[in-house]
Amino acid sequence: MMVGEAPGAEEDARGEPFVGQAGKLLDNMLAALDMNRRDNVYIANVLKCRPPGNRDPRPDEAAQCRGYLERQIELVSPALIVAVGRIAAQNLLGTDTALARLRGKVHALAPGGWPLVVTYHPAYLLRSPAEKRKAWQDLSFARQVYDRLQNGERVLP
């Protein structure tokens, strides 16, 4: 399961997460891992509607949507959650730690202790293509964690 921050204008209009150029990049990133959103990746957002002016979601807005997101996670019951971008990672983990410091680790998402890893948002990668190498490292790490989980291994302490 991948979780982003909030729908942009096009996503909000279409009712589908990650469309447009960022969505195409995300689809290509998933394809490189032999995954796709139709068959084996569920995509959600922390916020369920677009914030005014496409600004970053405020903590109170994310809190209002948290129960809905937790129910999505419960229903999907993913082996692994990938937080896509700083806003999603910080909201899911309840921290203000920089994304760079959250990368490369398996975090436990409460409640339920779901394994979670963090990577860059595709829209950020479109603006900062030099960071794509780091995103590939993150996704490779996520795939390794996922494969370990599928083999019944523990990934959380």
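## A word on the packing of aromatic side chains
1) Next: Using the criterion set out here, one finds 1 aromatic pair in the structure.
2) Next: Between Tyr120 and Tyr124, the aromatic rings sit 5.3 Å apart at their centres with planes inclined by 20°, giving stacked as the arrangement.
3) Next: According to the relative accessible area criterion, Tyr120 is buried, its value standing at 9%.
4) Next: Note on Tyr124: relative accessible area 28%, which makes it partly exposed.

## Considerations on the nonpolar core
1) Next: Among the nonpolar cores identified, the biggest contains 40 residues, and Met2, Leu69, Ile81 and Leu92 are the most heavily contacted of them.
2) Next: Once residues lying within four places of it in the same chain are set aside, the contact partners of Leu92 are Val3, Val46, Arg66, Leu69, Ala83, Leu109 and Leu116.

## What about the sheet that holds strand β2 (residues 43-45)?
1) Next: Here we have 5 strands laid out as an open sheet, ordered β2-β1-β3-β5-β4, and mixed in their pairing. This sheet does not close on itself; its edge strands, each paired only once, are β2 and β4 (107-109). Sheet twist, expressed as the average angle between the axes of neighbouring strands with direction ignored, equals 35°.
2) Next: Relative to strand β3 (residues 81-84), strand β1 (residues 2-4) runs parallel, the two being bridged by 2 bridges. Following the sheet pairing, Met2 is matched in β3 by Val82.
3) Next: Sheet strands touched by helix α3 (residues 59-76): β1, β2, β3, β4 and β5 (114-119). Its angle to β2, the strand with the most contacts, is close to 165°.
4) Next: Relative to β5, helix α7 (residues 132-150) is tilted by about 165°, and along the sheet it contacts β1, β3 and β5.

Parameters and conventions
- Residues numbered from 1 in each chain as written.
- Predicted model: local features only at pLDDT ≥ 70, side-chain atom pairs only at ≥ 80, totals over all residues.
- Heavy atoms only, no water.
- Phe/Tyr/Trp six-rings, centres within 6.5 Å; stacked < 30°, edge-to-face > 60°.
- Buried < 20%, exposed > 50% of the residue type's maximum accessible area, 1.4 Å probe, protein only.
- Core = buried A, V, L, I, M, F, W, Y, C linked by side-chain atoms within 4.5 Å.
- Contact = heavy atoms within 4.5 Å.
- Pairing = 2+ DSSP bridges.
- Helix = DSSP H or I, 4+ residues; strand = E, 2+ residues; numbered from the N terminus.
- Axes fitted to C-alpha atoms, helices over the stretch in contact; angles between N-to-C directions.

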